[in-house]
Structures are given as structure tokens and as C-alpha cells.
Amino acid sequence: RIVSRGVGQDRDDPRNRIYRIRHDYRRADLRLDTAELLGQDEGSATDIERVRAQYERDWLEWPWEWGAPYYDRDGDGVYDPEIDEPSFRSADCTETPVRCASRADQVAFFAFNDLDESTTSSMYGSNPIGIEVQATLWAYARTGPLGDALFKKFTILYKGTSETPDDARIEDFYLAQWSDPDIGSFSNDFAGVDTSLSLAYCYNADEEDVR
């Protein structure tokens, strides 16, 4: 996060992390979660309980005050993990979360910014302008198209740098989804887009892939 103009949150702050929750974490079989998180074939019982404890910690410490969405069941404007719950959004949730018809099975939230000049300059050739992005991702463990989709919501805040004038504003802004798909070897892939379908695709350039 950007905590004040031109100042990012301390990277060593233990609350500065990716928050990841699932409503059934207390009873769920977390072997797959553990294997994927820790890069293992199958997690040990100790590792599984460590992942379960992290799910609980993220639930209890859900950063609602930073913009993470949640259900305010008692309507007091404050997140209470014993009463409220982090927001589980449905695919057609376009208004208030309470109108969502179904829960997402997993939600992640994190925030990031562009204040690291060495990173923005080397990767994109641009200077920081003081953008904070709050990202919420959610998905569903079910069959059918909904189970193959990953939903993303980005809240973008222009907070400025230490040199940004008080009356500064962004007049033009463009967003793109950056993707780096690799089909076998990364050296012989082609990518394209069908604008009529809002569809991007990647395919192998050769009849046989070279590894």
C-alpha cells in the first residue's frame, strides 16, 4: 500500500502480504492447497496444519481497512471476524455483496504500488507516479464454465509521489491484461487476439514443439 504520499508500506511489516481465504478452511482437505503453496507432491500433516493456521490468520486479520471487501453483517462499519466474513463474490455480483447469490470458494486480496523507481524504470521505462492497486481475486470449486474461470477486481488509487502537486490528476488511463503463456518451449509461440470475441489466444508456431 501507499501509506502517505510517496511512501509505501514497510515490506517487512508482517501484515504486508497476500491474504487468501476459504470459508471451509477449518474442515477442508488441504492436501492440494499445501502441495501447491509449498511446491510439494503432497504435504505432511504438519505442513497441512501450518497452511490451515495461515488460512485462519488471514481470516482473522482480513485487511478491511485497506479496502478488502467483506460482509458487514451487523452494519457497524467495522470488520468483526466473529460476526462478519470476508467477501465471497458471485459471478453476477455487480452491486452490494449481500446481493450475491452464491459464495466463491476461495478469495485472495493484496495491494501493490509503483513507487520502486528501479523496478519501473528497468521493466517499463517509466517513472513512478504514485499508483496503488488493490486486487481481489475469487474462484469457484465446481463443474462447468464457472469452475474454469478466475474473477479479478482492481481498485486503482492515485495517491502521488513526494513531488506530486496537490492538484495533480490523471486525464488519460489505459489498462491491459499482461500474460506470458508458454506452450512447451517459450521460444516458438505465437499469440493473437479476436477483438469480436474479446478473446486472446496463444498457439505453437511449429508443428512439433522444441524443448
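Use the structure listed above.
To start, this report covers the structure provided alongside it. Note that the structure is a prediction, hence the values are computed from the model and not measured. (Residues numbered from 1 in each chain as written. Predicted model: local features only at pLDDT ≥ 70, side-chain atom pairs only at ≥ 80, totals over all residues. Heavy atoms only, no water.)

Digging into the packing of aromatic side chains
Working step 1: Tallying each qualifying case throughout the model produces eleven aromatic pairs.
Working step 2: With a centroid separation of 6.4 Å and an interplanar angle of 90°, the aromatic rings of tyrosine 19 and tryptophan 62 are classed as edge-to-face. Here tryptophan 62 lies in the loop between helix H2 (45–60) and strand S4 (70–71) and tyrosine 19 lies in strand S3 (residues 19–21), a separation of 43 residues in the sequence.
Working step 3: Relative accessible area serves as the criterion here: at 1%, tyrosine 19 is assigned to the buried category.
Working step 4: When the ring of tyrosine 140 is compared with that of phenylalanine 151, the centres are 5.9 Å apart and the planes differ by 85°; the resulting orientation is edge-to-face. Here phenylalanine 151 lies in strand S8 (residues 150–158) and tyrosine 140 lies in the loop between strand S7 (131–139) and S8, a separation of eleven residues in the sequence.
Working step 5: These aromatic residues form a ring-pair network of at least three members: Tyr19, Trp62, Trp66 and Phe109.
Working step 6: Directly above the aromatic system of tryptophan 66 lies the positively charged group of arginine 15, at a separation of 4.7 Å from the ring centroid. (Phe/Tyr/Trp six-rings, centres within 6.5 Å; stacked < 30°, edge-to-face > 60°. Helix = DSSP H or I, 4+ residues; strand = E, 2+ residues; numbered from the N terminus. Buried < 20%, exposed > 50% of the residue type's maximum accessible area, 1.4 Å probe, protein only. Lys NZ or Arg CZ within 6 Å of the ring centre and 35° of its normal.)

Some points on the nonpolar core
Working step 1: Within the largest apolar cluster, 19 residues are counted, with the highest numbers of intra-cluster contacts made by Leu30, Trp62 and Val107.
Working step 2: For this core, the secondary structure elements donating two or more residues are S3, H2 and strand S6 (106–113).
Working step 3: Excluding residues within four positions of it along the chain, leucine 30 makes contact with Arg22, Tyr25, Ile48, Val51, Arg52 and Tyr55. (Core = buried A, V, L, I, M, F, W, Y, C linked by side-chain atoms within 4.5 Å. Contact = heavy atoms within 4.5 Å.)

Focus: helix H1 (residues 31–38)
Working step 1: All of the buried residues along H1 are Asp33, Thr34 and Ala35.
Working step 2: Buried residues along H1 sit against S3, H2 and S6.
Working step 3: Phi for glycine 39, located one or two positions after H1, is positive at around 70°.

Concerning a nonpolar patch on the surface
Working step 1: A cluster of nonpolar side chains, Phe112, Ile129, Phe154, Ile156, Tyr158, Ile170, Phe173 and Leu175, forms an exposed patch at the surface whose accessible area comes to about 720 Å².
Working step 2: Here the nonpolar patch gets three residues from one element, more than from any other, and that element is S8.
Working step 3: Mapped onto the secondary structure, isoleucine 170 falls in the loop between S8 and strand S9 (189–194).
Working step 4: Given a relative accessible area of 33%, isoleucine 170 falls into the partly exposed group. (Patch = residues over 30% accessible without salt bridge, like charges linked within 9 Å, V, L, I, M, F, W, Y side chains within 5 Å. Areas by Shrake-Rupley, 256 points an atom, 1.4 Å probe, with all protein chains shown as cover. Salt bridge = Lys/Arg side-chain N within 4 Å of Asp/Glu carboxyl O.)

Concerning the pattern of salt bridges
Working step 1: Summed over the entire model, instances satisfying the criterion amount to 16 salt bridges.
Working step 2: With a closest N to O distance of 2.9 Å, aspartate 166 and arginine 5 form a salt bridge. In this pair, aspartate 166 sits in the loop between S8 and S9 while arginine 5 sits in the loop between strand S1 (2–4) and strand S2 (7–8), placing the two residues 161 residues apart along the sequence.
Working step 3: Between glutamate 171 and arginine 169 there is a salt bridge, with the nearest N and O atoms lying 3.4 Å from each other. For the pair formed by glutamate 171 and arginine 169, the shared burial category is exposed.

Describing the packing of H1 against H2
Working step 1: Following both chains from N to C, one finds H1 and H2 inclined at 90°, their axes separated by 9 Å at the closest point. By the criterion of interaxial angle, the relationship of H1 to H2 is roughly perpendicular. Side by side, H1 and H2 meet where Arg31, Asp33, Thr34, Leu37 and Leu38 of the first sit next to Asp47, Ile48, Arg50, Val51 and Tyr55 of the second.
Working step 2: Split by residue class, the contact of H1 with H2 holds five nonpolar, one polar and four charged. (Axes fitted to C-alpha atoms, helices over the stretch in contact; angles between N-to-C directions. Parallel < 35°, antiparallel > 145°, perpendicular 65-115°, else oblique. Nonpolar A, V, L, I, M, F, W, Y, C, P; charged D, E, K, R; others polar.)

Examining unusual backbone geometry
With the exception of glycine, the majority of residues adopt a negative phi angle, and the majority of peptide bonds are in the trans configuration.
Working step 1: We note that serine 198 has phi near 55°; this positive angle belongs to a residue other than glycine.
Working step 2: Mapping serine 198 onto the fold places it in the loop between S9 and strand S10 (199–204).

Observations concerning the side chain of asparagine 188
Working step 1: You can see asparagine 188 is positioned in the loop between S8 and S9.
Working step 2: Note on asparagine 188: relative accessible area 7%, which makes it buried.
Working step 3: Here aspartate 206 takes part through its side chain, which lies 3.1 Å from a polar atom of the side chain of asparagine 188. (Polar contact = N/O pair within 3.5 Å; in protein donor to acceptor, adjacent residues only side chain to side chain.)

Thoughts on the sheet that holds S3
Picture the strands of a sheet paired through backbone hydrogen bonds; they go either parallel or antiparallel.
Working step 1: Taken together, the four strands give an open sheet; going across it, the order is S3-S6-S7-S8, and neighbouring strands pair in antiparallel fashion. Pairing within the sheet leaves two strands with one partner each, and these edge strands are S3 and S8. Between one strand axis and the next, the sheet turns through 10° on average, direction left out of account.
Working step 2: Pairing of S3 with S6 involves three bridges; the strand directions are antiparallel. Directly across from arginine 20, in S6, lies its bridge partner alanine 108. (Pairing = 2+ DSSP bridges.)

That's the geometry; what it means functionally is another story.
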